[in-house]
Structures are given as C-alpha cells and as structure tokens.
Amino acid sequence: MLGCRGGAGVRSWLTLASGLVECLCFAGAVFGWASLVFVLKTDGYFSDLCVNSTATNETWRTDCSRQDEQFSLIFTIASFMNNFLTLPNGFLFDHFGTTAARFLAISVYTAGTLFIAFSSAATSILLFPALSFIAVGGILFLMTNMQVGNLFGAHRSTIITLYNGAFDSSSAVFLIIKVLFEGGVSLRASFVFLSICSVIHLLRTFFLLPRMHIPHPVPKGYTYGVRCGKSKTYSLDGAGDVKKRGNIPSDGETEKMSIRAEDPSDSPSIENKEASFRSCFLSWFFLWHLIWLSVMQLRHYLFIGTLNPMLSRLTNGDPGLVSKYTNAFAITQLCGVLCAPWNGLIMDRHKGKPRPPGQSEQEADLRSAALSLFLTALQCLAFSICATLPILSLQYLSFALQVLNRSFLYGGNAAFISIAFPACHFGKLFGLLMALSAIVSLLQYPCFAVVKELLNGDPLYVNIALTLLTLMAFIHPLYVYIHCRRLAACREKGDKITSNTF
C-alpha cells in the first residue's frame, strides 16, 4: 500500500488512470446496443416475432419489424433508466458518499451481465432488466469517477470531459463481444467474464477512492483510501474560506464541498452565500441547460436505437453490409475518449492566464463554457442533417459526427454543472438533469412507432422534425454569453458583483 504522504501524487495518478480504464471498459457499454442486437438476432432472441409476409413483387419475405420493435423498446427503457435513476443515485452519492454509491453500482451492473450470460432465446424477456441494470450501474461508475477531476484543479474540466469521452467509447465493448462471437466465443462466456471483472471495481472502491467525496479545491494534507491513518479535514465557511475542522480518519471524512452563492432573482449584485438546492433548480441556467441536454440526447438515442433497422432499410436487407456498417459505427465510438478532452481544453483554456481585474474564476469558466455549449449544439445540428439524408455512404460521416457530438455533450454537461452550481449539490443536480432529460428521451419510442405504423418505415419526416428541434439547443449558449456580458458591464460600471450568480 502506498504511503499516505509520499505516495499521494502517485495515488492520484493511479486513481485517474484506473478510473479511465473503468469508464472505458465498462461504464457506457449499453450504448453499443447496435452491435449486441446483431448478436442477439443471430442467437434467435425474439425470433418468434418474425412472420412470413408477401412482398410487393408477390415473393415471400420474413417480416421482423415486431422483433426490431422489441429491441427498440429494450433500449428505450434502458436509456430511460440510465438517466432517470441518476436522480436518486445522485442523492445517494451526495448524502452517503462514494463507497455506498459504488456498492450499488457494482451490484446492479453484475446482476445485469449475469442476466444476459444465462439468458437464451427462450428467455429473451431477461434482456429488459439486464440492459437496464447495466445502464444504471454504468452511469453510477461515471458519476463516482468524475470527482477525480478535483484532484487536478487546473485541468478539472479536461478530466471530467475525458471520463465522459471514455464512457462514450466503452460502447465499443459490445463490438468486441460481436467480433468474439463471430470468432466462436459464446455470448455467455463474454458476459461471465464481464461479471468476474466486478472484482476490479471492488478493489478500486476500497483502495483508490474516498469513502465520502473528493473536495474542491483539495485542501492541503488531504488523503483518501484505506490505511491512510489520520489527516486534516476541512470545510468551507460562508465566504468560501477554508477552515480546519480537526483530525479524523480521512476515509471517514464528510468534507463540505466548495460552494458558490446563487440568487433566484438573477441579479449580478449579491452577497456570497450558500445557494439552496431549490434556487439552483429554479434558475434559468438549469432550465436552459435541461433543454440543451434533452433535445440533443433525444436525437442521439433515437439514432442509436433505430440504427439496425435504418441500416437494413438503406442496404435493402443485406446482412453483410449491415454488419459492415454496424462495425464501422462501433469502431468510431472508440474515438470518444480522444474527442472529449478537446472540449475540456476549451473550457480550461483560461486557466493559468491573468484575468481582467475583478473577474472571478467562475465568470471566466462560464465564458469558456458558452463557447463549448455553442460548438456542441452546432455539431448536433450537422450530425442530425447527415443522419436525415437517406444516403448509405453518408452514414460514415454521421457516425463520426455522432461520436464527436456525444463526447462533447456529456462531458460538457457534467463540466457545466460543476462550474455553474455549488459543488455540494453536484450529485443531486446531475441526477435531476439526467432524470428530467430521461422523460424527454421516452419520446424516441413514439417516434419509432410513427415511423413504423404511419410512415411505412421511412424515418425522413421524423428526422427532419428532430433536426428542427435541435435548434432549441442554441438558446443555452446564447443565454450564458449574455449573462457574462452583463457581468462584465456591471464590473466596468463599478457595481458590486460576485462570482456567485446564475
């Protein structure tokens, strides 16, 4: 075991690296659903829903639209649970700490992988709880890992976005399972192996993460992990100054996170005080950020959930071409971990540079966030246009824009919450945002039903409607930009302002 003082730096880097591996190899596997669907169809899951029908040229064909509908429903429920249950999980994380949250994550994730491992075509119904458990456990892994960014203050946003990029890239896990399946490795063997890997999650929980939380900013002498003896713990007073609380075991500490005061009146001239959760929830920042996240997330979920039938339509049902494009989509997901840090660098670009007199660090962070939010909305618009055009070869560009935009979307989401709101409410606000956006994401199933029942399988008009809907995402960066301009104007006039407004 590393010494608490001499090994603190090494432990921080081990925590960062192991967390990256955990997010990359496990956390977002559920979003590789398109690759897993290919395997499940081959194994005969829900094959009893396929029926013989007559084609327009009087030839017989197999109609598996009900099978596709069932797979779409599984992904809709899993993606909803992935987001909606982040709300109670956020409260659990804020109030009971990292260890309790990770025990829940490990339990449900392992249960999900075991359900798939021991399922079969005869027990296809097990896919419903299995995928939901994997989704919920995965998002909890990500939530407990994002606090690692606090250990690297100047690069905090970069690390948060890096972890979210790794979360996106982990969807390639199901591609690996698909490739192994085609090479003769059974679905059961692959998921049993994923279940055994839960031992790794347990070891990280005990040795490389705190029992409660990693504070921001990290106080001098802060340690975490087992056998670190006693160390100083700290809280922040109302003015944001660090005060020593005394000596207690570091893994049992209940440190108060750094806070920023907020005022519901949205006035730029307020006193520095702790913001309530209610004032954060009722702020314009929260509302516009929710809309920004929800409309783009809905676009991504519908694309992923309907990718297999879309490719079948564009390839005229050629299984070889469907497999080829499915593999291409899954491979591009690996690039998420490479794309996401660029968003973090955009948000951290002012770090280390002198700020204008009177400009707070939070105001500088918000200025950087406005650019990040705008670029993310622009990427989503470009991705949606490409996905709308029914040109098969153009889907390669759709795949590239999709992974770039997803890595910016979720990394920017978490980073903005950590910038704009008090850190003591991070888990609750992150969970509430994901839960509310999950309700919006349920619209993907009615959209799929409209395409199937009313549009004869042609998603063109639904895609056009979603493209127009993504234009609402541009409201959020515009509001943040105007807010920063107003703060700058007040500072020039000499009005009293703090970094604690939203």
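Residues numbered from 1 in each chain as written. Predicted model: local features only at pLDDT ≥ 70, side-chain atom pairs only at ≥ 80, totals over all residues. Heavy atoms only, no water.

The number of helices and strands found in the protein is 20 helices and four strands. Out of the 502 residues belonging to the protein, those deemed buried represent 58%. Partitioning the intrachain contacts of the protein with sequence separation of at least 6 by distance along the chain shows that 77% fall at a separation of at least 24. Accessible surface for the protein amounts to roughly 19,900 Å². Of this, 67% is attributable to carbon and sulfur atoms. (Helix = DSSP H or I, 4+ residues; strand = E, 2+ residues; numbered from the N terminus. Buried < 20%, exposed > 50% of the residue type's maximum accessible area, 1.4 Å probe, protein only. Contact = heavy atoms within 4.5 Å. Areas by Shrake-Rupley, 256 points an atom, 1.4 Å probe, with all protein chains shown as cover.)

Within soluble globular proteins, side chains that are nonpolar tend to cluster in buried spots. Core analysis: the biggest nonpolar cluster contains 116 residues, and Trp 33, Phe 71, Leu 187, Phe 191, Phe 416 and Phe 421 have the highest contact counts within it. Look past the residues within four positions of Phe 416 in its chain and what remains in contact with it is Phe 285, His 289, Met 347, Leu 366, Ala 369, Leu 373, Phe 421, His 476 and Val 480. Counting residues in each nonpolar core, the second largest holds six residues, with Leu 302, Cys 447, Val 451 and Leu 466 among its members. (Core = buried A, V, L, I, M, F, W, Y, C linked by side-chain atoms within 4.5 Å.)

Before going further, it helps to examine the side chain of Thr 467. Summarising the element assignment, Thr 467 is placed in helix α19 (residues 460-469). The contact partners of Thr 467, leaving out residues within four places of it in the chain, are Leu 381, Ser 384, Ile 385 and Thr 388.

Here the focus is unusual backbone geometry. Not every positive phi belongs to a glycine, and Phe 46 is a case in point at roughly 60 degrees. Positionally, Phe 46 belongs in the loop between α2 (33-42) and β1 (51-54). Residue Phe 46 is classed as buried on the basis of its relative accessible area, which comes to 6%.

Moving on: α2. In terms of residue burial, α2 counts as a mostly covered element, since eight of its ten residues are buried. Within α2, burial applies to Trp 33, Ala 34, Ser 35, Leu 36, Val 37, Phe 38, Val 39 and Leu 40. Where α2 ends, the next residue or the one after it, Gly 44, has phi of about 90 degrees, a positive value.

Turning our eyes to something else, we now look at the pattern of salt bridges. Under the counting rule described, the total for this entry stands at four salt bridges. A salt bridge links Arg 102 to Glu 22, with the shortest nitrogen-to-oxygen separation between them at 2.7 Å. In this pair, Arg 102 sits in helix α4 (residues 86-117) while Glu 22 sits in helix α1 (residues 8-27), placing the two residues 80 residues apart along the sequence. Judged on exposure class, the residue Arg 102 and its partner Glu 22 are both buried. The shortest N-O distance in the salt bridge between Arg 204 and Glu 22 comes to 3.0 Å. Residue Arg 204 is found in helix α9 (residues 198-207), and its partner Glu 22 is found in helix α1; the two are separated by 182 residues along the sequence. Judged by its relative accessible area of 4%, Arg 204 falls in the buried class. Salt bridges here are not isolated pairs; linked through shared partners, they connect Glu 22, Arg 102 and Arg 204. (Salt bridge = Lys/Arg side-chain N within 4 Å of Asp/Glu carboxyl O.)

The predicted model of the protein has a mean per-residue pLDDT of 78, with 82% of residues at 70 or higher. Low confidence marks residues 229-272, where pLDDT is under 50. Its contacts with residues over four positions away, or in another chain, come to 133 contacts. (pLDDT = per-residue confidence, 0-100.)

Before going further, it helps to examine a nonpolar patch on the surface. Nonpolar side chains collect at one region of the surface, where Phe 103, Val 199, Leu 202, Leu 203, Phe 206 and Phe 207 lie side by side and expose about 510 Å² of accessible area between them. With five residues, the single largest contributor to the nonpolar patch is α9. Mapped onto the secondary structure, Val 199 falls in helix α9. Since its relative accessible area comes to 48%, Val 199 is described here as partly exposed. (Patch = residues over 30% accessible without salt bridge, like charges linked within 9 Å, V, L, I, M, F, W, Y side chains within 5 Å.)

One pass over the structure, following the stated rule, counts four cavities of 30 Å³ or more. Every residue lining the largest cavity is listed: Trp 33, Ala 34, Val 37, Lys 41, Asp 68, Phe 71, Ser 72, Ile 304, Gly 305, Asn 308 and Pro 309. Those elements that place two or more of their residues in the lining of the largest cavity are α2, α3 (65-84), α11 (284-305) and α12 (307-314). The greatest single-element share of the lining of the largest cavity, amounting to four residues, is contributed by α2. (1 Å grid on protein atoms, 1.4 Å probe; cavity = no way out; pocket = protein on both sides within 12 Å on 5 of 7 lines; lining within 4 Å. Points joined across faces, edges and corners; volume = space filled by probe spheres on them.)

The calculated volume of the largest pocket comes to roughly 1,000 Å³. If you trace the largest pocket, you find 33 residues lining it, with Asp 68, Asn 308, Pro 309, Ser 312 and Arg 313 closest to the centre. Counting residues per element, the ones that place at least two in the lining of the largest pocket are α2, β2 (60-63), α3, α11, α12, α13 (319-333), α18 (444-453) and α19. Considering every element that reaches the lining of the largest pocket, the biggest residue donor is α12, with five residues. Looking at the lining of the largest pocket residue by residue, the classes come out as 14 nonpolar, eleven polar and eight charged. (Nonpolar A, V, L, I, M, F, W, Y, C, P; charged D, E, K, R; others polar.)

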